[in-house]
Amino acid sequence: DIASEFRYRDPVLDRRTLVVGVSQSGETIDTLQAMTEARRWDAKVLVISNVVDSSMARVADGVLYTHAGPEVGVASTKTHLSQIVALELLALYLAQLRGTVPPADARHLFEKMAELPGLIETALGREDDVAAVAGRFTQTRDFFFLGRHVGFPVALEGALKLKELSYLRAEGYPAGELKHGPIALIEPGTVVVAVATRTRLWDKMMSNIAEVRSRGASVLLVANDGDEETAAEADAV
C-alpha cells in the first residue's frame, strides 16, 4: 500500500490485521502516520527499519532491524536489498508456522538466500562492464524500465535509482501494460531497460522487446549469465 494514501482511504483494519511499515530511517513521516492510524484500529504493527530505536520502532508491536549500516548515498541500495531479505524471512517463517510451505521447500529458499552475498559481490565486480554500457547512453534523456512478475518492482526500483542519481527522466512500467499508453512515447533515441531473466514470462517479455525495437528504441537487457539468445535481442546486456 502507498503509505501517504493509507490513512486517507478508510482502510479496513481490525485486531486480526498485521500492518508492516518499511523505512530506512524509521522516521518517514507518511509511513509513521500510517502506522499510528493502524494502531488506532487495534491492528498489530510490525516495522522493518535500519535505524535502531526510531520513531516507527517505538510505536510498533515488533521490529525487524536490517542492520545495513549508515545511509551514505540517496540510492541506499543496501537498505533496499536488506529490506527485501527481511520481508522474505518474515514470509517464510509465517509460512512455516501456518504449515503452508513444506519444510524442504523453506530450507531450499533459506539456503539460496545464504548465497546472496556472493552473488552481490559478483555483480559489484562487473563495475567496468556496467560503466562501459552506461557510457553508450550518456546523451540519452528518456529511459523506460520494463519488467514482468517479480521483474516489475525491479524495474520500478531501477527507474527510481536513475532519477535520484542522474536527474534523468526514467519511468518504470509493467511490460504487459506497454500497449496501454507508454508505447506511444517509444521513439528513436529512447532507451528501454528491461528485466529479461529466464522466468516463465520470458517469451512474453521478448515479445515486448520486439515491439519497442520496431519503434527505434535502444534496448538494454538484464539477463541471465551466458544467455546468448536473450543478448542477441539487445543493443547492450
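Described below are features of the structure shown in this document.

## Some points on the layout of surface pockets
Alright, step 1. In this structure, the second largest pocket occupies an estimated 510 Å³ of space.
Alright, step 2. Lining the second largest pocket we find 16 residues, and of these D1, I2, A3, V22 and T31 sit closest to its centre.
Alright, step 3. Mapped by element, the contributors of at least two residues to the lining of the second largest pocket are helix 1 (3-6), strand 1 (18-23) and helix 2 (29-40).
Alright, step 4. Per-element accounting of the lining of the second largest pocket gives the leading share, five residues, to strand 1.

## Some details on helix 4 (residues 77-98)
Alright, step 1. For helix 4, spanning 22 residues, the distance from its first C-alpha to its last is 32 Å, which sits close to the expected 32 Å at 1.5 Å a residue.
Alright, step 2. For helix 4, the full list of buried residues reads T79, S82, Q83, A86, L92 and A95.
Alright, step 3. Where helix 4 is buried, its residues contact strand 1, strand 2 (44-49), strand 3 (62-65) and helix 5 (103-114).
Alright, step 4. Backbone geometry just downstream of helix 4 places G99 in the positive-phi region, at approximately 75°.

## Comments concerning the pairing of strand 4 (residues 142-147)
Alright, step 1. Counting buried positions over the six residues of strand 4 gives five, a clear majority of the element.
Alright, step 2. The pairing of strand 4 with strand 5 (residues 169-174) spans six bridges and is parallel. Within strand 5, the position partnered with F144 by the bridge is E171.
Alright, step 3. Sheet topology note: the strand 4/strand 6 (residues 191-195) ladder contains four bridges and is parallel. Its bridge partner lying in strand 6, F143 is registered against V191.

So, how was this worked out
Residues numbered from 1 in each chain as written. Predicted model: local features only at pLDDT ≥ 70, side-chain atom pairs only at ≥ 80, totals over all residues. Heavy atoms only, no water. 1 Å grid on protein atoms, 1.4 Å probe; cavity = no way out; pocket = protein on both sides within 12 Å on 5 of 7 lines; lining within 4 Å. Points joined across faces, edges and corners; volume = space filled by probe spheres on them. Helix = DSSP H or I, 4+ residues; strand = E, 2+ residues; numbered from the N terminus. Expected span 1.5 Å × (residues − 1). Buried < 20%, exposed > 50% of the residue type's maximum accessible area, 1.4 Å probe, protein only. Contact = heavy atoms within 4.5 Å. Pairing = 2+ DSSP bridges.

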